[in-house]
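Structural overview for review
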Amino acid sequence: MTTSSATAVAHPNIAFIKYWGNRDNELRLPMNGSISMNLKGLSTRTRVTFDSSFPTDIFDLNSKRQTGSSLDRVVKHLNFIRGLRGISTHAHVFSENDFPTSAGIASSASAFAALTLATVAALGLDIPEANLSRLARRGSGSACRSVPSGFTEWRKGHSDLDSFAVTIADPSYWSLTDCIAIVEENQKKVGSTEGHATAYTSPLQAARVADSDRRLDICRNAILKKDFQALAEIVELDTNMMHAVMMTSNPPLLYWQPITLEIMTSVSAWRKTGLPAAYTLDAGANVHVLCEAEKAEIIQRRLSSLPGVKQVIISNVGGAAHLL
Ligand code: DP6
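Residues numbered from 1 in each chain as written. Predicted model: local features only at pLDDT ≥ 70, side-chain atom pairs only at ≥ 80, totals over all residues. Heavy atoms only, no water.

1. Some thoughts on the state of the cysteines
- Applying the stated rule across the entire model yields 0 disulfides.
- Free of any disulfide, Cys 144 has its nearest neighbouring cysteine sulfur in Cys 219, separated by 15 Å.
- Residue class for Cys 144 comes out buried when judged on its relative accessible area of 0%.
- With no disulfide of its own, Cys 179 has Cys 291 as its nearest cysteine by sulfur position, at a separation of 4.0 Å. (Disulfide = S-S within 2.5 Å. Buried < 20%, exposed > 50% of the residue type's maximum accessible area, 1.4 Å probe, protein only.)

2. A closer look at the site of the ligand
- Every one of the 17 residues lining the ligand counts as a neighbour, but Arg 73, Ser 140, Gly 141, Ser 142 and Thr 193 are closest to it.
- Measuring from an oxygen atom of the ligand, one finds a side-chain N or O atom of His 196 at 2.9 Å.
- Look at the ligand: alone it shows 460 Å² of surface, and the protein chains cover 96% of it.
- Considering every element that reaches the shell around the ligand, the biggest residue donor is helix α4 (residues 192-198), with 3 residues.
- Taken together, the residues of the shell around the ligand sort by class into 5 nonpolar, 7 polar and 5 charged. (Near = heavy atom within 4 Å. Polar contact = N/O pair within 3.5 Å; in protein donor to acceptor, adjacent residues only side chain to side chain. Areas by Shrake-Rupley, 256 points an atom, 1.4 Å probe, with all protein chains shown as cover. Helix = DSSP H or I, 4+ residues; strand = E, 2+ residues; numbered from the N terminus. Nonpolar A, V, L, I, M, F, W, Y, C, P; charged D, E, K, R; others polar.)

3. Examining the environment of Val 245
- For Val 245, the location among the structural elements is in helix α7 (residues 228-247).
- Residues Val 245 and Gly 21 lie 224 residues apart in sequence; the distance between their C-alpha atoms is 10.0 Å.
- Excluding anything up to four places from it in sequence, Val 245 contacts Trp 20, Ala 199, Ser 202, Leu 204, Gln 205 and Arg 208. (Contact = heavy atoms within 4.5 Å.)

4. A few points about the pattern of salt bridges
- As enumerated under the stated definition, the model contains 14 salt bridges in all.
- With its nearest N and O atoms 3.0 Å apart, the salt bridge here joins Lys 76 to Glu 26. Placement of the pair is Lys 76 in helix α1 (residues 68-85) and Glu 26 in the loop between β3 (22-24) and β4 (29-30), with a sequence separation of 50 residues.
- For Lys 76, a relative accessible area of 49% puts it in the partly exposed group.
- Connected through shared salt-bridge partners, Arg 134, Arg 137, Arg 138 and Asp 160 make up one network. (Salt bridge = Lys/Arg side-chain N within 4 Å of Asp/Glu carboxyl O.)

5. Description of unusual backbone geometry
- Cis peptide bonds are those with omega within 30 degrees of zero, and the linkage from Asn 250 to Pro 251 qualifies with 0°.
- In this model, Asn 62 sits at a positive phi of 50°, which is unusual for a non-glycine residue.
- As for its position among the elements, Asn 62 is in the loop between β7 (58-61) and β8 (64-65).
- For Asn 62, a relative accessible area of 26% puts it in the partly exposed group.
- One non-glycine residue, Ser 63, lies in the positive phi region at around 65°.
- Judged by relative accessible area, Ser 63 falls into the exposed class, the value being 64%.

Shown next, in the form of structure tokens:
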């Protein structure tokens with residue numbers, strides 16, 4: 001019997017310029033590049049153990065044995081990495097999020113970043129960060145952005161070989177903070193994978209994609225210049241464009257709740273009256289409110305006072321996926 005094991009930690013991320021729609025769903029080659037920041041306050045810890053005596057792969061998430069599509073997705077990822085090493089040994093995957101799964105925060109990014117790194121390490125493969133990011137991308141597109149540190153950009157690339165994420169600024173470069181207003185604690189009804197597959201049915205998707213390099217340039221420059229006003233405007237435009245595509249896809253995806261819209265209009269009003277904040281939403285009703293660190297407390301207080309906001313989670317900029 002041979003055993004080998006490794007444990008990795010990765011943070012989820014919040015996208016400033018969103019990934020929505022693939023040119024290749026199998027390889028997860030995106031229609032457009034994207035930019036995000038890792039969320040230090042939240043993490044996934046994953047231990048992968050290969051053992052020649054295991055009869056099958058097993059996946060435990062937050063102490064619950066997984067079956068069906070949740071297990072299948074992990075096995076598919078393990079199979080790909082095992083193929084690189086030319087082995088078929090089964091694995092036990094133990095994964096834990098330190099944030100409530102019920103908080104409706106997407107965890108596929110941190111999940112597949114941590115799974116990729118732990119699997120590669122347990123198999124004794126030594127691969128550079130760009131290739132780890134490429135591998136993580138196959139498991140979940142946004143996971144490729146959780147591999148490098150800080151503010152990261154996923155270049156859409158031409159093929160599997162050059163579609164990966166790189167750091168554009170380290171966590172200490174700018175103390176941005178994400179105040180996550182949790183308004184919906186249930187799992188989203190239509191997941192991102194299904195949404196990516198129908199993005200092309202929206203007549204607005206082509207325009208969103210055609211304009212994406214412009215938005216990426218503005219966003220990257222705003223980060224590098226620490227220009228919050230410019231960042232706020234482009235981040236809100238980008239999330240609005242993605243949700244416009246979602247709403248006009250077939251079938252339509254409408255993730256907002258009344259409280260979602262109330263937070264969005266409040267945040268825009270706060271900014272106009274001198275409190276710099278910007279909203280962005282993923283494929284769900286929760287609202288991520290970005291601000292500079294010194295404004296986080298007042299924003300947390302204001303968000304918490306809105307009826308319908310169940311909790312507000314605060315996170316600064318996080319580092320790279322790493323081994324323990
Ligand atoms: C709205 O990476 O979760 O959060 O590749 O199918 O796992 P899969 O999708 P996923 O999509 C993320 C969509 C988003 C925007 C973003 O994070 O860029």
